[in-house]
Amino acid sequence: MANPCRKLLFNIYMGFYCSTIMPQMCICSQFSMSSTDPFNKDPRAFPIATNGEPFPWNKLRLPSMIIPLHYDLLVHPNLTSLDFIGFEKIEVLVRDATQFIILHSKDLEVMNVILQSEEDLRYRKPGKKLNVLSYPAHQQIALLVPEKLMADLRYSVAINFQAKLANGFEGFYKSTYRTRGGKTRIIAVTDFEPTEARMAFPCFDEPLFKANFSIKIRRESGHIALSNMPKVKTIELEGGLLEDHFETTVKMSTYLVAYIVCDFNSVSGTTSSGVKVSVYASPDKWSQTHYALEASLKLLDFYENYFDINYPLPKLDLIAIPDFESGAMENWGLITYEETSLLFDTKTSSASDQLWVTKVIAHELAHQWFGNLVTMEWWNDIWLNEGFATYMELISVNATYPELQSDDAFLDVCFAVIKKDSLNSSRPISNQAETPTQIAEMFDAVSYNKGACILNMLKDFLNEEKFHKGIIYYLKRFSYGNAKNDDLWSSLSNSCLGDFTSGEFCYSDSKMTSNTLAFLGENVEVKEMMTTWTQQKGIALVVVTREGRSLRLQQERFLSGVFKEDPEWRALQERYLWHIPLTYSTSSSNVIHRHVLKSRTDTLELSENASWVKFNVDSNGYYIVHYEGHGWDQLITQLNQNHTLLRPKDRLGLIHDAFQLVSAGRLTLDKALDLTRYLQHEASIPALLKGLEYLELFYHMMDRKNVSDVTENLKHYILRYFKPVIDTQSWSDKGSVWDRMLRSTILRLACYLNHAPCIQKATELFSQWMESSGKLNIPSDVLKVVYSVGAQTTVGWNYLLEQYGLSMSGAEKKKILYALSTSKRQEKLMKLIELGMEGEVIKTQELSLLLYAIARNPKGQQLSWNFLRENWTHLLKKFDLGSYAMRMIISGTTSHFSSKDELQEVKLFFESLKAQGLHLDIFQIILETISKNIKWLEKNLPTLRTWLLVSS
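If you're wondering where the values come from, they're calculated on a predicted model, not measured in any experiment. (Residues numbered from 1 in each chain as written. Predicted model: local features only at pLDDT ≥ 70, side-chain atom pairs only at ≥ 80, totals over all residues. Heavy atoms only, no water.)

## Some words on helix α14 (residues 648-663)
Then, in step 1: Compared with an ideal rise of 1.5 Å per residue, which puts 16 residues at 22 Å, α14 spans 24 Å between its outermost C-alpha atoms and is within 8% of the ideal.
Then, in step 2: Here α14 lies mainly inside the structure; 15 of its 16 residues are buried.
Then, in step 3: Once α14 finishes, G665 follows within two positions and takes phi at roughly 75°, a positive value. (Helix = DSSP H or I, 4+ residues; strand = E, 2+ residues; numbered from the N terminus. Expected span 1.5 Å × (residues − 1). Buried < 20%, exposed > 50% of the residue type's maximum accessible area, 1.4 Å probe, protein only.)

Structure below.
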């Protein structure tokens, strides 16, 4: 608290704090001045700076009195001493008179600050040195000016600063790689999203404060420098240093600034519109860049045509970073990638690896429009960036690489988030986030996956043409500015209606039936509908009861792990209501019927008799459907008689919904398992894989719990029931993408279940590979299973670890690491964890996935849990609390638990962290997940045991 006896040394004039500014950097009337000085009125409400002075700002968000217009930034990283010095001049515009400037700064030493007015600059006056106060709790510094800064005038703030290159994965940090000859090289790289630009230079580090950036980088001759824009010149300095000058950027947010000093090589090409695209990697991995270049050129051409907006920069670089925490980062003009998200090795990258690389490239390129060109106003709406980019993966990859059949993979995007969204501890898509940790937690499946899925649902409701026109209108209207939810809904409404004031109708498809007609008076319909999906958490359950031709509909909140008979169920249902764009088909025709369910209950009439009704056609809707009465029996009968009368995605959706309903106590497990019996005739690989996924999930659950009789019976059932599928697999890379993904999955599972022919073939291939000193080219789709079988012997495990250190393929290294984690020997598993903590042989960035894999190993689940508790302090030094890696580590080592004792242990651990002031939303998600697992076992273990006995 501020000392009330301290005499105030300066006067403060502070405008009414407003969290938004107009997209264009103009002087806006929405900012009003406070008639009194809140600091003078109650200084105790303000914090104390590190030097004991009162700090003149008490909010996490920056004040809006001053906005940046232009940064002139010079940075010189020293890759020997591992530090950097910087100098910047920030041109600012004063909106409201003030006597201080608040900037973000974290772990930077600010050495000197000079303020110059327009008059000072015009007459070349030296300017005034400013006092600097620091308040680390808010990652802010205050620049105190001796004379009031006047409204509507521009000033220049010059700052000298320095810092160490960060050791983690954020801000301006060091990254290392090993050459094929065993030498270690160091590079310097930035990663600023969401709140880490402040670790590299003092700045207005919020997405609303867009500005232009002129960047200069000093380097040695053995390195190159890259930044957002093309290099315009290089100046030679004393001592052999070089200084690269880059073109001034377009107006953008600080989190998109990027610069890198490295010694990488590149491959380049040019799009049809003349944009130079380059892909960079370390010299030994240059040969793995060619697929990324091909994909980037095709995707950038597609996006320019699809959005009807040219990519606004003259170049686009994509670079594979050796140490990188997330999959990729969309820095405008200089996109950074984790190596396995960009590089493609024709010898060791599988079909799923290719699909992954293509989707990540598509995601980041989509951000050049969604996120970079149009940015959300604040992090509470990060889904406008991430949800759209995830959705555009589907659209762009389908168009440019139809052979990858990514459309069939999109449903898993939605199914993955439903697991989290069906818990009471989920959150709305648009959610309050203020602290850096809260903001970091917004980068989750709700923002990415659910955001994409509700956009896909809306596209299906409006139709593709109207949706397409709407997003073009949105991008053009808010280019180089910021937007919020309502801006998107307004854009989609306008595009749908054209001249919306005339009161036209908007049709969701060409068939103008009463179920497809929606009146969008003054933008109400789209906004009213979509607000129910973005402003409240959770997912809807549609319960269908059929009586003759009448369909009674009821919507509820779907809750996994909470049964209708539970006392808390009713309270958790209150105030939840969605506007659900329903679709359904029947056995009598292929017509897709539509109806918007806005109330808790409703009734529909079928036009003709039907033996079954299926809601959520092609699973385009983000909701779960339960069929009361004989509804499920009718669908199961149809699947067994002729499953092809139901669409492939409908079959996939039925499998998913059935097992989700089991977790909510709405469908018995034996009924859901009965539904999967038809799978031996299933030709749609995604549906077949979904059924196998649940059976494998149950097997691992029983194996970890050591329920030996059920484990053994389930193993025999899978191997017997899917024997025809297993036996037809070749150990090759032939076939379609889905043929190849089925091969990888089914052979991995067969060998894990000790299927003798599988073990024999994998052992044979592994022995040949070892005898060839690792030179034998094993088909990439079966590499993981071959390595996993080989890792079960001491000799094989040791050889794999040796090859891991030598491999230049990130795709191969991930397969080897997975294989090493399947060892049954705990000392081997502990060795992997130790290597991950050391960060030399196994990069620290792999630790989260490594711990996740070890925790799924029955021999490693307790090991990983003990490690987390005993090494918590060490882990916090490597990863920020709210980072994706830390959340993955916490969840990966605990969320599979399924006993009351384990639940109590996790509770106590989380309580001890909270007592230290450490809290994450994921804590409650994990506790709820463990409780759900316990409940599932209590209710369904006897049923599973009986069903397997009957099926044997």
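## Description of the state of the cysteines
Then, in step 1: Under the definition given, this model contains 2 disulfides.
Then, in step 2: There is a disulfide in this structure between C414 and C453, and the S-S distance comes to 2.0 Å. An S-S torsion of about -110° defines the bridge between C414 and C453 as left-handed. Residue C414 is located in helix α6 (residues 410-421), and its partner C453 is located in helix α8 (residues 445-462); the two are separated by 39 residues in the primary sequence. As far as the burial class goes, C414 and C453 line up, both buried.
Then, in step 3: Covalently, C751 is tied to C758 through a disulfide, its sulfur atoms 2.0 Å apart. Disulfide C751-C758: the torsion about the S-S bond is -100°, which places it as left-handed. One exposure class covers both C751 and C758, and it is buried. (Disulfide = S-S within 2.5 Å.)

## A few points about the sheet that holds strand β28 (residues 589-597)
Then, in step 1: Pairing within the open sheet is antiparallel, and its 3 strands lie in the order β28-β27-β30. Looking at strand neighbours, the two that pair on one side only are β28 and β30 (613-615), the edges of this open sheet. Direction aside, the axes of adjacent strands within the sheet are offset by 25° on average.
Then, in step 2: Strand direction decides the pairing type here: strand β27 (residues 580-586) and β30, joined by 3 bridges, are antiparallel. Residue pairing for β30: Y584 is matched across the bridge by F615. (Pairing = 2+ DSSP bridges. Axes fitted to C-alpha atoms, helices over the stretch in contact; angles between N-to-C directions.)

## Thoughts on the packing of helix α3 (residues 290-307) against helix α4 (residues 351-367)
Then, in step 1: The N-to-C vectors of α3 and α4 enclose an angle of 40°; their axes lie 10 Å apart at closest approach. Classified by the angle between their axes, α3 and α4 sit oblique to one another. As for the relative orientation of α3 and α4, their crossing is right-handed in sense. Contact residues: α3 offers Y291, A292, A295, S296, L299, L300 and Y303, while α4 offers Q354, V357, T358, I361, A362, L365 and A366.
Then, in step 2: Among the residues making up the contact of α3 with α4, the classes are represented as 11 nonpolar, 3 polar and no charged. (Parallel < 35°, antiparallel > 145°, perpendicular 65-115°, else oblique. Left-handed = near helix turned anticlockwise from the far one by under 90°. Contact = heavy atoms within 4.5 Å. Nonpolar A, V, L, I, M, F, W, Y, C, P; charged D, E, K, R; others polar.)

## Comments concerning the sheet that holds strand β25 (residues 539-547)
Then, in step 1: One open sheet holds the 4 strands; their spatial order is β29-β26-β25-β31, and the pairing between them is mixed. Strands with a single pairing partner mark the edges of an open sheet, and in this sheet they are β29 (601-605) and β31 (623-627). Along the sheet, successive strands turn relative to each other by an average axial angle of 25°, direction set aside.
Then, in step 2: Two elements, strand β26 (residues 550-558) and β29, share 5 bridges in a ladder whose sense is antiparallel. Counterpart to L553 in the pairing with β29 is D602.

## Remarks on the packing of aromatic side chains
Then, in step 1: If you walk through the whole model with that rule in mind, you get 51 aromatic pairs.
Then, in step 2: Arranged with centres 5.5 Å apart and planes meeting at 75°, the rings of Y391 and F467 form a pair that is edge-to-face. Separated by 76 residues along the polypeptide, Y391 in helix α5 (residues 383-400) and F467 in helix α9 (residues 464-477) bring together distant segments of the chain.
Then, in step 3: Overall, Y391 belongs to the buried group, its relative accessible area being 0%.
Then, in step 4: Their ring planes at 45° and their centres at 4.8 Å tell us that W769 and Y787 sit as a pair that is tilted. Of the two residues, W769 is situated in helix α20 (residues 756-771) and Y787 in helix α21 (residues 783-790); the sequence distance between them amounts to 18 residues. (Phe/Tyr/Trp six-rings, centres within 6.5 Å; stacked < 30°, edge-to-face > 60°.)

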